[in-house]
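Residue-level structural notes
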Amino acid sequence: MNRPLKVLLADDDPLLLHGLATILNTQPGIEVVAAVSDGAAAMTAMTSHSIDVALLDVDMPVIDGIHAAAHITQRYPNTTVVMLTAFEHDNFLDRALAAGAHGFLTKDIPADQLANFIHQARSGTTVMGPKPTRILANSYRDQLHRRDEHREFIDAVENLPPHLRAVFDLMAHAMPNKTIAARLHLAENTVRIYVSQILAATNSPSRAHLALTATKSGLAS
């Protein structure tokens, strides 16, 4: 028989933390070995236990779940991190995935489904509750809409030769010629020439307009 997954829980709501630990311990193949109330305590618990899955709340004092997730995924690559939240702030999703989380679940998921998601995440599947899935789908649709709306600009940028694309990428973040020249090891006069060529190629009336369009089109984060 396979050993149960060793699970770390971190949530600053003591009632939810206790209830979740109690319920998950009744689920097949799961053993909660640590239940803590903040990200710092979660990071400390990692040094005392062999954790398979860390289930972290996003909003926690001292160190929040996103920073704890980044720390755990970097220091303990064999531990699977799944975020758990009430989902009051949609922007947490991108940050959690960037931190290395293997899933994003909401606190209203029934215990048996949560246990199933934990097992799936441990097996390598990225798990998403219904609301995070909707957010990803809406984000994808928005991205497609932005690309359609700015297709001419995007095509022009994608057709830039490599030496101009490197300059464009820095212009898109509103960097001045001096900074661009230093980063790309170019003469400032060369950068000025390249900038003029990029503005003409993208039909941009100004650098500010180019940077704004790059952001709207998704070419500049």
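Attention in this report is confined to the structure presented alongside it. (Residues numbered from 1 in each chain as written. Predicted model: local features only at pLDDT ≥ 70, side-chain atom pairs only at ≥ 80, totals over all residues. Heavy atoms only, no water.)

A separate point is unusual backbone geometry. The backbone of His-185 sits at a positive phi, close to 60°, despite the residue not being glycine. Tracing the sequence through the fold places His-185 in the loop between helix H9 (177–184) and helix H10 (188–201). Of note in the backbone geometry, Asn-203 takes a positive phi value of approximately 55° without being a glycine. Residue Asn-203 is classed as exposed on the basis of its relative accessible area of 61%. (Helix = DSSP H or I, 4+ residues; strand = E, 2+ residues; numbered from the N terminus. Buried < 20%, exposed > 50% of the residue type's maximum accessible area, 1.4 Å probe, protein only.)

Moving on, we get to helix H8 (residues 162–171). Of all the positions in H8, only Leu-164, Val-167, Phe-168, Leu-170 and Met-171 are classed as buried. Relative to the axis of H8, the buried residues are bounded by an arc of 165° and lie together on one face. On its buried side, H8 packs onto helix H7 (151–158), H9, H10 and helix H11 (207–217). (Arc of directions from axis to C-beta. Contact = heavy atoms within 4.5 Å.)

Right, let's get into the packing of aromatic side chains. According to the stated counting rule, one finds one aromatic pair in the structure shown. A centroid spacing of 6.1 Å and a plane angle of 55° characterise the contact between Phe-153 and Phe-168, whose relative ring orientation is tilted. Here Phe-168 lies in helix H8 and Phe-153 lies in helix H7, a separation of 15 residues in the sequence. For Phe-153, a relative accessible area of 8% puts it in the buried group. (Phe/Tyr/Trp six-rings, centres within 6.5 Å; stacked < 30°, edge-to-face > 60°.)

Before going further, it helps to spend a moment on the pattern of salt bridges. Scanning the entire structure with this criterion turns up seven salt bridges. For Arg-3, the salt bridge identified is with Asp-52, shortest N-O distance 2.8 Å. With a gap of 49 residues between them, Arg-3 in the segment before strand E1 (5–10) and Asp-52 in the loop between helix H2 (39–48) and strand E3 (53–57) connect regions that are remote in the sequence. On the basis of relative accessibility, which here comes to 52%, the residue Arg-3 falls in the exposed class. (Salt bridge = Lys/Arg side-chain N within 4 Å of Asp/Glu carboxyl O.)

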